[in-house]
Amino acid sequence: MDSVEVVVVGAGQAGLSSAYHLRRTGFGPGVDFVVLDHAPAPGGAWQFRWPTLTYGRVHGMHALPGMELTGADPDRPSAEVIAEYFAAYEDAFFLPVRRPVDVREVRDAGWGGRLLVRTSQGDWAARAVINATGTWDRPFWPRVPGQELFRGRQLHTARYPGPHAEAFVGRRVVVVGGGTSAVQHLMEISGVARETLWVTRRPPRFRAGMFGQEEGRAAVALVEERVRRGLPPQSVVSVTGLPMTDEVRRARERGVLERLPMFSRVTEDGVEWADGNRAKADTIVWATGFRPAIDHLAPLRLREPGGGIRLEGTRAVRDPRVHLVGYGPSASTIGANRAGRAAVRDLKALLASGEPGEAGEATAAATATVPRDSAAV
Ligand SMILES: Cc1cc2nc3c(=O)[nH]c(=O)nc-3n(C[C@H](O)[C@H](O)[C@H](O)COP(=O)(O)OP(=O)(O)OC[C@H]3O[C@@H](n4cnc5c(N)ncnc54)[C@H](O)[C@@H]3O)c2cc1C
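Calculation notes
Residues numbered from 1 in each chain as written. Predicted model: local features only at pLDDT ≥ 70, side-chain atom pairs only at ≥ 80, totals over all residues. Pairing = 2+ DSSP bridges. Helix = DSSP H or I, 4+ residues; strand = E, 2+ residues; numbered from the N terminus. Axes fitted to C-alpha atoms, helices over the stretch in contact; angles between N-to-C directions. Contact = placed C-beta atoms within 7 Å. Expected span 1.5 Å × (residues − 1). Buried ≥ 20, exposed ≤ 12 C-beta atoms within 10 Å, placed from the backbone. Near = placed C-beta within 6 Å. Nonpolar A, V, L, I, M, F, W, Y, C, P; charged D, E, K, R; others polar.

Caption draft 1: Up close: the sheet that holds strand E14 (residues 270-272). What the three strands build is an open sheet, ordered E13-E14-E15; its pairing is antiparallel. In this open sheet, the two edge strands, each paired with only one partner strand, are strand E13 (265-267) and strand E15 (278-280). Adjacent strand axes in the sheet meet at a mean angle of 25° when their direction is disregarded. As judged from the three bridges shared by E13 and E14, these two strands associate in the antiparallel manner. When the bridges of E14 are listed, Thr267 appears paired with Gly270.

Structure follows, in structure tokens:
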């Protein structure tokens, strides 16, 4: 078993920001910390995003700390641009990313206040874990009666191949979901499909004008408040509303963004509403979001009765050895940058105190879950 001070799980924006700050703070790459990622290549979740999501179409993408992303061609897929940038970043700062390594479980090791990180490539013992696993690996599919009967195709945003796929060209397509991804899918698919329908649970809210810093802070504060109360985090868009860009305005004028309420069941050849109305469909796209990919943390029992993990900053209240970055209020590129820095600052203090589980304000809550062992190393 390998042993380090800190294991970072995930090498997306949040994991790389954490790794950068660990290095800067004096943790030796590969010796004191390691980054484990189950993706085949650099790029975090960006490497899997659809080819028509060009760099010019992502908004508010913040560079990682210490290295700007300059001169990128806005017409290239962001999957390529960001994967190349992340790869250059890992090289420039000698970040010890091991891949593909799937982290299957994090549990208390039962000795030395250590955590045991079980992976597809063996086990690691660590004094702390920074979890930066994002949401892409846990697409959320709502359960709707009849889904299994549908004879057409169903796919989630996580597998959206771009509009020119056979599933869309000349087909009747229903897009479900009230977020930015749903709007982008509709704008694209409506250009090639026979017909598109947009279905959302709640009426969508469009936001005119630019999103100022003040509103940004207020939106993050709302998500933060939920996490502090141990509730599952909301997506930031559910708080901010949908941006009304020129492209969105044009799509609305074309009638592409006329929204229908959620249907009550899926039939063999379409969807049906509670009032008996029906629509035929060849393809259903579930743009219904993602959930935090944190199943591997289950043995630590971090969840509160409300279903979320209560955090103080980035630190799990139930176990101060564990930090969640890119989770809830920090699930944006800028949030992930800041969370990485905050987690490292907090962990440095914890590890310097010599006794994991005893630093910071979380001590009282943590003692119940962090066994301390005289065999501490
Ligand atoms: C379509 C889309 C567009 C977006 N556009 C923007 C934007 O324009 N601006 C913005 O600020 N934000 C945007 N976001 C949000 C943004 O992507 C994220 O906030 C940020 O990039 C996520 O970084 P992350 O490091 O938290 O997660 P990810 O990039 O998802 O990285 C997580 C990493 O963890 C790894 N991993 C997961 N589970 C395990 C495991 N068990 N074992 C090992 N490795 C694991 C994955 O392989 C992955 O590399 C967008 C999100 C989506 C879905």
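Moving on from the model shown.
Caption draft 2: Representation of the environment of Thr314 in the model. Tracing the sequence through the fold places Thr314 in the loop between strand E17 (311-312) and strand E18 (315-316). In this structure, the C-alpha to C-alpha distance between Thr314 and Glu215, residues 99 residues apart in sequence, is 22 Å. Not counting residues up to four positions away in its chain, the partners in contact with Thr314 are His323, Leu324, Val325, Ser330, Ala339, Ala342, Ala343 and Asp346.

Caption draft 3: Representation of helix H7 (residues 333-352). With 20 residues, H7 extends 29 Å between its outermost C-alpha atoms, agreeing within 8% with the 28 Å of an ideal straight helix rising 1.5 Å per residue. When we look at burial in H7, the residues that qualify are Thr333, Gly335, Ala336, Asn337, Ala339, Gly340, Ala343, Val344, Asp346, Leu347 and Leu350. Residues of H7 that are buried sit in contact with strand E1 (2-9), helix H1 (13-24), strand E6 (122-131), helix H4 (213-228), E18 and strand E19 (322-324). Looking one or two residues beyond H7, the residue adopting positive phi is Gly354, at roughly 85°.

Caption draft 4: Broad picture of the environment of Val223. Structurally, Val223 can be placed in helix H4. Taking the C-beta count within 10 Å as the criterion, Val223 has 24 such neighbours and is therefore assigned buried. The sequence separation of Val223 and Ser3 amounts to 220 residues, and the corresponding C-alpha distance is 35 Å.

Caption draft 5: Geometry of the site of the ligand. Near the ligand there are 33 residues, and of these Gly10, Gly12, Gly44, Gly134 and Gly326 occur at the shortest range. Those elements that provide at least two residues to the shell around the ligand are H1 and H7. Tallied by class, residues from the shell around the ligand come to 14 nonpolar, 15 polar and four charged.

Worth remembering: the numbers are spatial, not functional.
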